[in-house]
There are 2 protein chains.
Amino acid sequence: MQKQMVDVLLLHGTLVTMDSTRQVIEDGALAIGGEHIVAVGSSADLAARFTAQQTLDCNGCAVIPGLINAHTHAPMTLLRGLADDLRLDVWLYGYMMPVEREFVGADFCRVGTWLACAEMIRSGVTTFCDMYYYEDEIAQAAAQAGMRAICAQTILKFPSPDATSYEESLAYCREFIGRWRGHPLIVPAVGPHAAYTATPDMLRAAASLAVEQDVPLHIHISETALEVEDSRTRYKMSVVAWLKQQGVLEAKVIAAHCVHLEDEEMDMLKQGRVGVAHCPSSNLKLASGVARVQRMVDLGLHVGIGTDGTASNNDLDMFEETRLAALLAKGCFGSPTALPAATAFALATIEGARAVHLADITGSLEVGKRADVAVVELEHTHQLPRFQRESEAIYSQLVYASKSSDVRDVIVNGQLLMRNRELLTLDEAALHTEAASFARRIDSFLIAREGNPLSKLLAIGTGVIPQETFEIQAKVRLDCADDVVAKLDQPWLTVTRSSRRNQYDTYFIFPEGVRIRYREDELVAPDDSLQNAFYTITLTGPTHEREYDNSVVLSRSRYAAPADHSLRFYREYFKPNQELQVVKQRRRFHVFYQDTDFVINVDQVRLGGQDGCYLEIKSRTWSARDAERKAGLIGEILDRLGTSRDARLKVEYVDLVTEAAATHSRPR
Amino acid sequence: MQKQMVDVLLLHGTLVTMDSTRQVIEDGALAIGGEHIVAVGSSADLAARFTAQQTLDCNGCAVIPGLINAHTHAPMTLLRGLADDLRLDVWLYGYMMPVEREFVGADFCRVGTWLACAEMIRSGVTTFCDMYYYEDEIAQAAAQAGMRAICAQTILKFPSPDATSYEESLAYCREFIGRWRGHPLIVPAVGPHAAYTATPDMLRAAASLAVEQDVPLHIHISETALEVEDSRTRYKMSVVAWLKQQGVLEAKVIAAHCVHLEDEEMDMLKQGRVGVAHCPSSNLKLASGVARVQRMVDLGLHVGIGTDGTASNNDLDMFEETRLAALLAKGCFGSPTALPAATAFALATIEGARAVHLADITGSLEVGKRADVAVVELEHTHQLPRFQRESEAIYSQLVYASKSSDVRDVIVNGQLLMRNRELLTLDEAALHTEAASFARRIDSFLIAREGNPLSKLLAIGTGVIPQETFEIQAKVRLDCADDVVAKLDQPWLTVTRSSRRNQYDTYFIFPEGVRIRYREDELVAPDDSLQNAFYTITLTGPTHEREYDNSVVLSRSRYAAPADHSLRFYREYFKPNQELQVVKQRRRFHVFYQDTDFVINVDQVRLGGQDGCYLEIKSRTWSARDAERKAGLIGEILDRLGTSRDARLKVEYVDLVTEAAATHSRPR
């Protein structure tokens, strides 16, 4: 009998097919013709039937379906280790987004994707499901590397590195889908980032685009408890229910994370045939929690495993993720029989393929499917001995004892991408150089910023207003018993408006006179109830002073913005050298004296050691002559109010704290 | 200037010293003379001062203190993957202990330890803290491999593979300590296994031995919630408090696991200068839980990281453990800043050394310490790019992005054990062969046992009593309304004693007529209250029957034992083909008829479909003639009690269920 010629023949491996009967074939073989698997069976059988261009001896190895990385952001591989062990908000708003705004472009996405592909191929991954910006670049890079990828173009309700609006992203996405439709490796997809970064309109448009074009929709769902809480508060419903209301579940959805789902949400996902991408490392590292994977599996949801981006992992190692998924399902829910090795391995392969809606072509070793295969060595010290009395044992060996470094060969769509640990489609050395160059530039950007609180403020700030200010001010210490407010009722002084406030000021002190003030400014109503509270963050540069008789003129650069984040966030983000508190009850009077505007503050101040009552007079000024005139007027007001000349001070409240603290720390 | 000659010089690495200032030296160098580190500094400095027998260029690598595996059972490496995804009791009593009883000896311990050493050296471990049987063999094997090891001889209150009593283990341990005292690599130690496997006397003796000999005491503490609960129930105090009461905390304790500790227990450990060995993989895999490591660190406890034995891990990879420790501390306790990379790395090195009471000689790269060093490559794709703006970044790269496969060289006590990934003290290929031979024998042992429920029963059973039984019995279906019990009050029938019982029988059905019955036998008092309950497990072999007119003689092999474990345990352990329930309320009468003993049971039985009331007459028999005579007597009794001949049955209750089930499952 004439032997049939095929392209690749893998012989003598332990074939872990992941077909519907979970067939494991010892001394098994696989024949590949073109893009497809043409035969699966015993080595004896296939060696008799086929001859091949290339034969791989897989003795001592497992031949497995290539692993499916169900959720990642490939280009972020360039940000591996950029900023770790931080809170999600500091990490995201303080590092990821500023760096992305500065660096993410076509080049970044291409190099980052190649670096990710190199790592993933090395760890036996043949398909990845991506979501990022410039997704067309990512698709190109993945295709050039020879990897299978679902590429979802990110869509956000606010401007992103590749679009100024979501309409722009949608238009880009539509065009992108058209360009890649029918590609043998690339599946284009729509990627509305998450419920909390979308408007209802945006989600509806994204879902219709996905439905109309029949492409997957990739989205983050219920990653954090906060997201769930916000949805309950804002929409009075769960995240999944709200997404369903926007029509999202009409599409072929791939839902990343799903850490905090109610059972009824899981049911909705099941009914919507949503695939879930479980990301255990990332969910732990960012302290999002641990998803109830066994429950989802029990409900019949298709769950895959994803690494998420390296910035929150910090690698793309599906062996690590799969092992972790199996361990967490047991240890965090008290059941040592949860997610056994065979199930965990299914999540990384055939169930992962189902989750990303590609099970018709990949995820198992079956005739007719695309040839997406990894060869994993089984005879390293850390994997031995091998027990063989149960066919299940191979899953245990793969999931609990094997590592990405055991992967020897990788084939995608019939093409060898790695042979004997050598990458055949990527120039790794060149990639390392390019990655190093990005890292150097990002380091420099951050060093410049880290050394400069202003750059850090600008990096996160929306609506930072820079102002160069010149201000004349004077301050007098009062006897608290003295009723200064009553004294302001003078015929020579016109009060135009007044207010009462509780001000909680936290100062971050940096070298060279730079300070950041975080202010909670509570407005107190006449009936003593609290009205609005305003949060502002203000950076002031070194102060240049000129003294007058009673007053001082301060000139300094000043940047103010609404404080969108918490004090805790700013503290962890700015890492100040020192932190000081000034708390005051302020009565503020806008007054008019001698045709000139002043502000008079009567403050009861807690400074730690220097508590007391103070009167402060301030005015903006623009010239030396104007300052001199106002200094004179301030002196007059202070005299006419009967304040003691000895009690006059020329410093700011925070300087009083500093001095006190300095005094305390100085040895005597 | 004459250069000083040293043995080994490591140049051009990133030196991660883990000294008290956490100094990281770029382009750093380390000089080793004999067993010790003689210099640490810049490459320029050391290259100028020293010349060496052997120079290692560590460009592109981190030079780190060798990792400390703070808890393992090295020889169990031979049991890797033997039995996974099982409950702790099934795993321990069903697999580990039976296999250990059968296989653990000097050979097993030697080969297992070498295999473990090979794996640990490959992953950068230089010191391990062991607890097992035949610890002298382990110490010898570790010393031959060149590794540093704390070797704790296991002491148990029940017989173990190497001792028939704890006194014997203690005597062995004392001798063992004497033999290894002062060895440059081996620290002998006392290993009372755990509070729940010890008697107070045993613990006191173990603690005094450790104190007297000034060696560490290695023990498992609070691994599972059950252990904690049992201690509270039995001793009315926490595990640590009870151990303290037995004097255990007087010794230099190394406490493995510590998963479920109250704050006050942590304080006691702190005061007792106890080192903790955190074992995250094992605690997850066996669903023991997640230890509060950040809390322990905050309290100033010295915490190290351990892999535990491979049987519950399934590897000895300290890179994996350290990463997992860092991730779990965040994800399971809601704080992304918990156990940052630098802290996690400290646990694996200097803090681990403190935890095992060896920080004076290992755990950091400092002049005067023993030269325990690992060289870790940093330039693999999965580790790149490398950010360098913060010296902390190296810890992030080591903990989150590096793998055991990145370890290139390992030095212990000044001796190179691995150079360019080649092991210099162990013959890996020979070890693989020996390990495979053990695996084959263990597989055969288990296959024989798995195919044979009797072997499985004997493997776990203490007190299994084998009996060959011959029994004659007859059964009649009654009208439940019929008061048979009243009818037993006959002048021709003497009731010697009687009882009432609720019997819940679960039958596991195996091929070839083998059955296991798990019986809960509740004794009911005359006032209807429940008295004692007895749990028995009984295996019966295939039954050989001989029929008589009204009766049947059953002969079969029978093995009975008290059932120490739960029904759930036996179900998971025996994995029966089928499971059937028989629940009955039984009135049992021991009677005397015609000088012959019989038992009459009047049973109300729930069988699923065949519920009903039955009368059963039974007697033991020894010969065909005796059986014939008793069959006649049984017929007489049945007739005199007025039971219907048509209602007579010759089967057992469980067979009625089987038939009903078979009828149900048969298509009509």
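What counts, and where the lines are drawn
- Residues numbered from 1 in each chain as written.
- Chains lettered and ligands numbered in written order.
- Predicted model: local features only at pLDDT ≥ 70, side-chain atom pairs only at ≥ 80, totals over all residues.
- Heavy atoms only, no water.
- pLDDT = per-residue confidence, 0-100.
- Contact = heavy atoms within 4.5 Å.
- Domains from an automatic or database assignment.
- Buried area = accessible area lost by both parts, 1.4 Å probe.
- Salt bridge = Lys/Arg side-chain N within 4 Å of Asp/Glu carboxyl O.
- Nonpolar A, V, L, I, M, F, W, Y, C, P; charged D, E, K, R; others polar.
- Buried < 20%, exposed > 50% of the residue type's maximum accessible area, 1.4 Å probe, protein only.
- Helix = DSSP H or I, 4+ residues; strand = E, 2+ residues; numbered from the N terminus.
- Pairing = 2+ DSSP bridges.
- Disulfide = S-S within 2.5 Å.
- Least-squares fit on C-alpha atoms with pLDDT ≥ 70 in both.
- Axes fitted to C-alpha atoms, helices over the stretch in contact; angles between N-to-C directions.
- Parallel < 35°, antiparallel > 145°, perpendicular 65-115°, else oblique.
- Polar contact = N/O pair within 3.5 Å; in protein donor to acceptor, adjacent residues only side chain to side chain.

J.: Whenever I open this one, the confidence of the model for chain A confuses me. Can you help?
T.: When pLDDT is low, close inspection of the predicted coordinates is not appropriate. Residue and element names in this part refer to chain A. In this model, chain A carries a mean pLDDT of 91, and residues with pLDDT of at least 70 account for 97%. Low confidence marks residues 662-668, where pLDDT is under 50. Its contacts with residues over four positions away, or in another chain, come to 1 contact. Per the prediction output, this complex has pTM 0.82; the corresponding ipTM is 0.82.

J.: It is not clear to me how the domain arrangement of chain A should be interpreted in this structure. Could you clarify?
T.: How big an interface is tends to be stated in terms of the accessible area lost upon association of its parts. Residues and elements named next belong to chain A. Taken as a whole, chain A is organised into domain 1 (1-65 + 364-419), domain 2 (67-362 + 420-445) and domain 3 (465-665). With centres defined by C-alpha atoms, the gap from domain 2 to domain 3 works out at 49 Å. Together domain 2 and domain 3 conceal approximately 620 Å² of surface at their shared face, both sides included; 57% is due to carbon and sulfur atoms. Contact with domain 3 buries surface across domain 2, with Arg87, Asp89 and Val90 losing the most and accounting together for 57% of the total. Counting every contact that joins domain 2 to domain 3 gives 0 salt bridges. Of the residues belonging to the side of domain 2 that touches domain 3, the class tally is 3 nonpolar, 1 polar and 2 charged.

J.: How should I be thinking about the pairing of strand β20 (residues 515-524) of chain A in this particular structure?
T.: All names here are of chain A. Of all 10 residues that make up β20, 9 are buried, and the element is covered over most of its length. Note: strand β19 (residues 494-509) against β20, 10 bridges, orientation antiparallel. Residue pairing in the sheet places Ile509 in a bridge with Arg515 of β20. Linking two consecutive strands that pair antiparallel, namely β19 and β20, is a turn of 5 residues; a positive phi of about 60° is found at Glu512 within it. Direction of pairing for β20 relative to strand β21 (residues 530-540): antiparallel, over a ladder of 9 bridges. Residue pairing in the sheet places Asp521 in a bridge with Phe534 of β21. Following β20, the chain reverses through 5 residues before pairing antiparallel with β21; Asp528 in that reversal takes a positive phi of roughly 75°.

J.: So what exactly am I meant to see when it comes to the state of the cysteines here?
T.: Should the sulfur atoms of two cysteines be covalently bonded, the bond is a disulfide. Residues and elements named next belong to chain A. All told, the structure shown has 0 disulfides over all chains when counted by the stated rule. Cysteine Cys258 remains unbridged, with the sulfur of Cys279 as its closest cysteine sulfur at 9.0 Å. Judged by its relative accessible area of 1%, Cys258 is buried.

J.: Explain unusual backbone geometry to me, please; I cannot follow it from the model alone.
T.: Comment: phi is negative for the bulk of residues other than glycine, and the bulk of peptide bonds are trans. Cis geometry is adopted by the peptide bond preceding Pro385 of chain A, which originates at Leu384 of chain A and carries an omega value of 0°. Tracing the sequence through the fold places Pro385 of chain A in the loop between β14 (373-377) and α15 (393-401). Residue Asn314 of chain B is bonded to the preceding Asn313 of chain B through a cis peptide linkage, with omega at 5°. Tracing the backbone shows Asn314 of chain B in the loop between β13 (302-305) and α12 (318-331). Positive phi, normally seen in glycine, also occurs at His357 of chain B, with a value near 60°. Classification of His357 of chain B as partly exposed rests on a relative accessible area of 21%.

J.: Explain the relation of the copies chain A and chain B to me, please; I cannot follow it from the model alone.
T.: Superposing the two chain copies requires a rotation about an axis and a translation along that axis. Taken as rigid bodies, chain A and chain B are interconverted by a rotation of 180° and an axial shift of 0.0 Å, the fit giving an RMSD of 0.1 Å. Seen this way, the second copy is the image of the first under a two-fold rotation axis. Residues of chain A ranked by C-alpha distance from the rotation axis are headed by Ser405 of chain A, positioned 3.3 Å from it. Looking at the interface residues of chain A, 100% of them are also at the interface in chain B, so both copies use one shared face.

J.: Explanation requested: the packing of helix α16 (residues 428-450) of chain B against helix α17 (residues 453-460) of chain B in the structure shown.
T.: Between two packed helices, both the angle of their axes relative to each other and the distance between the axes serve to describe the pair. Residues and elements named next belong to chain B. Running from N to C, α16 and α17 point in directions that differ by 115°, and their axes come no closer than 6 Å. With respect to each other, α16 and α17 are oriented roughly perpendicular. On the side of α16, the interface is formed by Ala448, Arg449 and Glu450, while α17 contributes Pro453, Ser455, Lys456 and Ala459. For the contact of α16 with α17, the residue count by class is 3 nonpolar, 1 polar and 3 charged.

J.: What exactly am I supposed to notice about the side chain of Thr307 of chain B here?
T.: Residue and element names in this part refer to chain B. Mapped onto the fold, Thr307 is located in the loop between β13 and α12. Of the residues examined, Thr307 reaches a relative accessible area of 0% and is grouped as buried. A distance of 2.9 Å separates a polar atom in the side chain of Thr307 from a polar atom in the side chain of Asn69. Ignoring sequence-local partners within four residues, the contact set of Thr307 consists of Asn69, His71, Thr72, Ser282, Asn313, Asp315, Leu316, Asp317, Met318 and Glu321.

J.: I would appreciate a short explanation of the interface of chain A and chain B in the present structure.
T.: Listed per partner, the contact involves 70 residues of chain A and 70 residues of chain B. The largest per-residue losses of area from chain A upon contact with chain B belong to Thr381, Phe387 and Arg389 of chain A, which jointly make up 15% of the total buried on that side. Taken together, chain A and chain B are joined by 14 salt bridges. Linking Glu320 of chain A and Lys403 of chain B is a salt bridge whose minimum nitrogen-to-oxygen distance equals 3.6 Å. Linking chain A to chain B there are 34 residue pairs in polar contact (both at pLDDT 80 or more).

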